[in-house]
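Chain and residue survey
Listed below are the residues making up each chain.
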Amino acid sequence: QVQLVETGGGLVQAGGSLRLSCAASGRTFTNYIMAWFRQAPGKEREFVAAITWNGGSTYYADSVKGRFTISRDNAKNTVYLQMNSLKPEDTAVYYCAMESPFGTYYYSKLTSYDYWGQGTQVTVSS
């Protein structure tokens, strides 16, 4: 059974940094693209960043480009999201997701991922 467990969320002041981690188990980690999404209260879940199996390609939402960095350590089956220069509008529950092997993949589409973590809260105070 696939499990994704996020850690690293918390409360930080605007301008600060946090690093999220997502540990995966139950599926061959290196075979899959991994991504981060987020969901703010009253809003739809939105794409944040994605990384290919070997880290060779990364994709970012325009709202986080230049501030967030996605990376992965395949030896540890873990994907990371380094978040710098945080803003109050980054406040959300952050979820990691694993690519689905079925269907047509597009990195920012929710339906391209079939396993999700439970989420970790990130709160940025002004």
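Structure report, in brief. Everything numeric here is computed off the predicted structure, so don't read it as measured data. (Residues numbered from 1 in each chain as written. Predicted model: local features only at pLDDT ≥ 70, side-chain atom pairs only at ≥ 80, totals over all residues. Heavy atoms only, no water.)

1. Some words on the side chain of threonine 78
Keep this limit in mind: Segments assigned H or I by DSSP are reported as helices when at least four residues long, segments assigned E as strands when at least two residues long, and all are numbered from the N terminus. Exposed residues in this analysis have more than 50% of their type's maximum accessible area, buried residues have under 20%, and partly exposed residues fall in between, with area computed by a 1.4 Å probe over protein chains only. Polar contact criterion, stated in full: a pair of N or O atoms within 3.5 Å, where within protein one must be able to donate a hydrogen and the other to accept it, and residues adjacent in sequence count only if both atoms are side-chain atoms. Whether two residues touch is decided by their heavy atoms; if any such pair falls within 4.5 Å, the residues are in contact.
Structurally, the position occupied by threonine 78 is in strand 8 (residues 78-83). When its relative accessible area of 8% is taken as the criterion, threonine 78 is described as buried. A distance of 2.8 Å separates the side chain of threonine 78 from the backbone oxygen of lysine 76, its partner in a polar contact. Contact partners of threonine 78, with chain neighbours within four places excluded, come to Ser21, Cys22, Ala23, Phe29, Ser71, Arg72 and Asp73.

2. Here's the deal with the state of the cysteines
What counts, and what does not: Here, the term disulfide refers to a pair of cysteine sulfur atoms separated by no more than 2.5 Å.
Under the definition given, this model contains one disulfide. Covalent S-S linkage joins cysteine 22 and cysteine 96, the inter-sulfur distance amounting to 1.9 Å. Handedness here is read from the sign of the S-S torsion; for cysteine 22 and cysteine 96, about 45°, the answer is right-handed. Of this pair, cysteine 22 sits in strand 3 (residues 18-25) while cysteine 96 sits in strand 9 (residues 92-99); the two residues are 74 residues apart in sequence, bridging distant segments of the chain.

3. Re the side chain of serine 100
Along the chain, serine 100 turns up in the loop between strand 9 and strand 10 (113-116). Among residues more than four places away in sequence, those in contact with serine 100 are Ser112, Tyr113 and Asp114.

4. Section: the pattern of salt bridges
The condition that has to hold: A side-chain nitrogen of Lys or Arg and a carboxyl oxygen of Asp or Glu constitute a salt bridge if their distance falls within 4 Å.
Evaluated as defined, the whole model comprises five salt bridges. In this structure, the salt-bridge partner of lysine 65 is aspartate 62, at a minimum N-O distance of 3.1 Å. Connected through shared salt-bridge partners, Arg38, Glu46, Arg67 and Asp90 make up one network.

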